[in-house]
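# Geometric and topological summary
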Amino acid sequence: MSAPASSSDPVPDPVPDPVPDPASDPASNRASASAAAEQGHGVVSPVSVRPERTVAVAGRAALAGLIRRDLLVLRKNFGEFVGRTLMQPLLLVFVFLYVFPTIGQGVGGGGGKAGESAFATVLVPGVVAIAIMFQGIQSVAIQLSQEFGFTREIEDRVQAPCPIWLVAVARVLSGAAQALISAVIVFPIAAVVHAPGVHADLSVHWWIVVTLIPLACVAMTSLGLLLGTTFEPRNIGLMFGFVVLPLVFLGGTYYQWTRLSLVQVGGFHWLQVLVLVNPLIYIAEGMRAGLTDTSHMHLYVVYPVLAGFCALFLGLGLRNFRRRVLS
């Protein structure tokens, strides 16, 4: 048995309860924050993290930045751009409207100066149309063939803080701006380069010109997006031989679509129907409606079909662009 504790033995101090650490007590933190707020500037609102701008705003900013970058490159190489734009239309107008009438080689059905002037009236809108087509395709397809090449320069663009499809749309819009500039440059030259006695009878209908040219530019750059993402860089030459060249010669550049009714077999206007699959025919006919008073395809056909081609080319081009980027 143990001896009873003596009254003189020291009594151990009671162990104090653990003091809670304010830093580890959420309730204490909230209470301290509330107390500090009451003593300071009022009630503290819950902390929330919000992005400085929405995804849509960030996407628009990235799109604008990509377009500005392309236009800056265009400004630095504007002389090269003008030379590339003018060469083919200038040669067409010079040969058909100056050289042929000067040497007496009839163009325009052999109707003398009157027939040559009628041919000039038909040719000038066609030259503007092919300027839009060539610049629209070259500014997108050729650039994409280089960027999708061995160096894969396209990867620098798709690192922009925006969806992949928006990078392709930026390329289409910047190409459309270049096609628009080419049309503005080519039209005055095509209208004045001709032999003495040959005059293009032009009558500008501004509401058609202002609405049709932007639509045509977007349609042709969308076609350039489709071609640039379809053909491999090593086969880009085939694109001009098997796609671009037939588009030019069967696109109503040198003739009116309404006159093709004379080409028939067994009463069937086969050529007039065949060229309807060519988007350039609608641009050329629309430009004739906007720049002349000659006969042309109805505008209620030109606008919807051209818009349909634009949507088709852009949709297929965006699909191919995404596949090529992610491959």
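Values in this document were obtained by computation on a predicted structure and should not be read as measured data. (Residues numbered from 1 in each chain as written. Predicted model: local features only at pLDDT ≥ 70, side-chain atom pairs only at ≥ 80, totals over all residues. Heavy atoms only, no water.)

### Overview of the overall build of the protein
A count of helices and strands for the protein gives eleven helices and zero strands. When the helices and strands of the protein are listed from N to C terminus, the series reads α-α-α-α-α-α-α-α-α-α-α. Looking at the protein as a whole, 42% of its 327 residues qualify as buried. Counting only contacts in the protein whose residues sit at least 6 apart along the sequence, the fraction spanning at least 24 positions is 82%. When the accessible surface of the protein is summed, it comes to about 18,200 Å², and 66% of that surface belongs to carbon and sulfur atoms. (Helix = DSSP H or I, 4+ residues; strand = E, 2+ residues; numbered from the N terminus. Buried < 20%, exposed > 50% of the residue type's maximum accessible area, 1.4 Å probe, protein only. Contact = heavy atoms within 4.5 Å. Areas by Shrake-Rupley, 256 points an atom, 1.4 Å probe, with all protein chains shown as cover.)

### Some details on the nonpolar core
Residues Ile132, Met133, Ile137, Met239, Ile283, Met287 and Leu306 are the most contacted members of the largest nonpolar core, which totals 67 residues. Looking at this core, the elements that each hand over two or more residues are α3 (78-103), α4 (112-147), α6 (164-192), α7 (206-230), α8 (236-249), α10 (279-291) and α11 (299-326). The next biggest cluster of nonpolar side chains, apart from the first, holds 18 residues, and it includes Leu66, Leu144, Ile164 and Phe321. (Core = buried A, V, L, I, M, F, W, Y, C linked by side-chain atoms within 4.5 Å.)

### Comments concerning the pattern of salt bridges
Here the structure, examined in full by the defined rule, presents two salt bridges. Two residues, Arg69 and Asp70, come together in a salt bridge whose shortest N-O distance is 3.4 Å. By relative accessible area, Arg69 is classed as partly exposed at 46%. Judged by its relative accessible area of 6%, Asp70 is buried. (Salt bridge = Lys/Arg side-chain N within 4 Å of Asp/Glu carboxyl O.)

### Section: the packing of aromatic side chains
Inspection of every chain in the model, using the stated rule, returns eight aromatic pairs. Between the aromatic rings of Phe249 and Tyr254, the centroid separation amounts to 6.1 Å while the plane-to-plane angle is 40°, which identifies the pairing as tilted. Every member of this aromatic cluster is reached through a ring pair, and the members are Phe96, Phe100, Phe119, Phe249 and Tyr254. (Phe/Tyr/Trp six-rings, centres within 6.5 Å; stacked < 30°, edge-to-face > 60°.)

### A word on the side chain of Thr221
Within the secondary structure, Thr221 sits in helix α7. Among the polar contacts made by the side chain of Thr221, one reaches the main-chain carbonyl oxygen of Cys217 at a distance of 2.9 Å. From its side chain, Thr221 meets the backbone oxygen of Val218 in a polar contact 3.0 Å long. For Thr221, the contacting residues outside a window of four places in its chain are Gly136, Ser139, Val140, Val172, Gly175 and Ala176. (Polar contact = N/O pair within 3.5 Å; in protein donor to acceptor, adjacent residues only side chain to side chain.)

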